[in-house]
Amino acid sequence: AAPAPSPAPKDTAAPTQPPFYITATVWESQPAAAILTYHKFKTNRPSTYSLVSRLDFEEELENLYRSGYVSVSLERWLAGDIRVPDGKRPVIFSMDDVFFRNQITLTPDGDPAKNTGLGVAWDFYQRHPEFGFHWALFANLGDKPYGEGSIVEQDIQLANVIVWCIEHDAMIYNHTFRHVNLKNTDGLGVTAELRWNDEQLRKLLTLVHRADLIPKLRNMVA
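Quick summary incoming for the structure in this document. (Residues numbered from 1 in each chain as written. Predicted model: local features only at pLDDT ≥ 70, side-chain atom pairs only at ≥ 80, totals over all residues. Heavy atoms only, no water.)

**Some points on unusual backbone geometry**
Put simply, the rule is: Segments assigned H or I by DSSP are reported as helices when at least four residues long, segments assigned E as strands when at least two residues long, and all are numbered from the N terminus. For each residue, the accessible area found with a 1.4 Å probe, counting protein chains only, is set against the maximum for its type, and the residue is called buried under 20%, exposed over 50%, and partly exposed in between.
The omega torsion across arginine 45 and proline 46 is 0°, close enough to zero to call that bond cis. Of note, proline 46 is situated in the loop between strand 2 (40-42) and strand 3 (51-53). The omega torsion across valine 98 and phenylalanine 99 is 20°, close enough to zero to call that bond cis. Turning to its location among the elements, phenylalanine 99 is positioned in the loop between strand 5 (89-98) and helix 3 (117-127). Backbone geometry at aspartate 169 places phi at a positive 60°, although glycine is not the residue there. Position of aspartate 169 among the secondary structure elements: in the loop between helix 4 (151-167) and strand 7 (170-174). Take aspartate 169: its relative accessible area is 18%, and that puts it in the buried class. Even without glycine at this site, histidine 209 takes up a positive phi of about 60°. Take histidine 209: it is sitting in the segment after helix 5 (187-207).

**A look at the packing of aromatic side chains**
Filter applied, for reference: Pairs were defined over the aromatic rings of Phe, Tyr and Trp, the Trp ring being its six-membered one, requiring ring centres within 6.5 Å. Orientation was assigned from the angle between planes: stacked under 30 degrees, edge-to-face over 60, tilted for the rest. Lysine NZ or arginine CZ positioned within 6 Å of the ring centre and within 35 degrees of the ring normal marks a charge as sitting over the ring.
Enumeration over the complete set of coordinates arrives at 18 aromatic pairs. Ring centres of tryptophan 122 and phenylalanine 133 lie 5.0 Å apart, and the angle between their planes is 85°; on these two criteria the pair is classed as edge-to-face. Placement of tryptophan 122 in helix 3 and of phenylalanine 133 in the loop between helix 3 and strand 6 (135-139) is noted, with a sequence separation of 11 residues between them. Accessibility assignment for this pair places tryptophan 122 and phenylalanine 133 in one class, buried. In this structure, lysine 40 is placed above the aromatic ring of phenylalanine 100, and the distance from its NZ or CZ to the ring centre is 4.6 Å.

**Here's the deal with the environment of tyrosine 49**
Mapping tyrosine 49 onto the fold places it in the loop between strand 2 and strand 3. The exposure class assigned to tyrosine 49 is exposed, which follows from its relative accessible area of 68%. With 10 residues separating them in the primary sequence, tyrosine 49 and histidine 39 have C-alpha atoms 8.0 Å apart.

**Some words on the packing of helix 4 against helix 5**
Using the following cut-off: Axes here refer to lines fitted to C-alpha atoms; in helices the fit is confined to the stretch in contact. Angles between the N-to-C directions go from 0 to 180 degrees. For classification purposes, an angle smaller than 35 degrees is called roughly parallel, one larger than 145 roughly antiparallel, one from 65 to 115 roughly perpendicular, and anything else oblique. Contact criterion: two residues are considered in contact whenever any of their non-hydrogen atoms come within 4.5 Å of each other. Gly is put with the polar residues, along with every residue not named as nonpolar or charged; the nonpolar set is Ala, Val, Leu, Ile, Met, Phe, Trp, Tyr, Cys and Pro, and the charged set is Asp, Glu, Lys and Arg.
Interhelical geometry of helix 4 versus helix 5 gives an angle of 95° and a closest axis separation of 9 Å. Viewed along their axes, helix 4 and helix 5 adopt a mutual orientation that is roughly perpendicular. Across from Asp155, Ile156, Leu158, Ala159, Ile162, Val163 and Ile166 in helix 4, the residues of helix 5 making contact are Gln200, Leu201, Leu204, Leu205 and Leu207. Of the residues belonging to the contact of helix 4 with helix 5, the class tally is 10 nonpolar, one polar and one charged.

**Some remarks on the nonpolar core**
Soluble globular proteins tend to pack their nonpolar side chains together in the buried interior. Put simply, the rule is: Buried residues of nine kinds, namely Ala, Val, Leu, Ile, Met, Phe, Trp, Tyr and Cys, make up a nonpolar core once their side-chain atoms join them within 4.5 Å.
By size, the foremost hydrophobic cluster in this structure holds 52 residues, and its most contacted members are Phe57, Phe99, Trp135, Leu137, Ile162, Cys165 and Ile172. Counting only elements with at least two residues in this core, the list comes to helix 1 (54-66), helix 2 (74-78), strand 5, helix 3, strand 6, helix 4, strand 7 and helix 5. When residues no more than four places from it in sequence are discounted, the contact partners of cysteine 165 are Phe99, Ile104, Leu118, Leu137, Ala170 and Ile172.

**Regarding the pattern of salt bridges**
Note the threshold: Take a side-chain nitrogen of Lys or Arg and a carboxyl oxygen of Asp or Glu: if they are within 4 Å of each other, that pair is a salt bridge.
Scanning the model with the defined rule gives 15 salt bridges in all. Its salt-bridge partner being arginine 127, residue glutamate 58 comes within 2.9 Å of it at the nearest N-O pair. Separated by 69 residues along the polypeptide, glutamate 58 in helix 1 and arginine 127 in helix 3 bring together distant segments of the chain. Exposure remark for glutamate 58: the relative accessible area of 29% places this residue in the partly exposed category. The exposure class of arginine 127 is partly exposed, given its relative accessible area of 38%. Where salt bridges share partners, they join Glu58, Glu62, Lys114, Asp123 and Arg127 into one cluster.

In short, shape yes, function no, at least from these values alone.
Listed below in structure tokens is the structure:
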């Protein structure tokens, strides 16, 4: 009898694939970002360390923009996300002693008023969205009143501001409850101040039925 035919050979060649390319920005030195810290804002020049003219602030933003800077998030930068668009430089914006009304108030339309610091920054971002809008706000929630009316009415006004900030990447961190002088405070006192501040922040969010934002809060202290 004739031998059985051999089975057909199997195609064992590796399938060919197109080459894989990536585009990367390579840092030529240790990554670093400028951090600019502001306090309160005022109408008229000259600016001082803790009272910045809104006109000077807008000029600073313009100069940074023309120099190729973009706003980046402090939280994401510390977490290792150091990406910026090709050819751009990172700058981190922070603000201390929040919340004063010259730092941010809301208009009846729910936007930051343009005669406040964050209002200037928000208006600049609307005109130059590629610049970005990221802020780290270090708050003292127990050392000053906010708004007008009764204590409850002031708390509601402040809570609505806090909601706007969190929803627009102006993240709120801890600067102690009463802006305590750490030189005159022991460890238990510092812990209490930080806890009171955090509890007040959560209380304000709950007051305006936005406890859903509490998981966005992070434990960062200045």
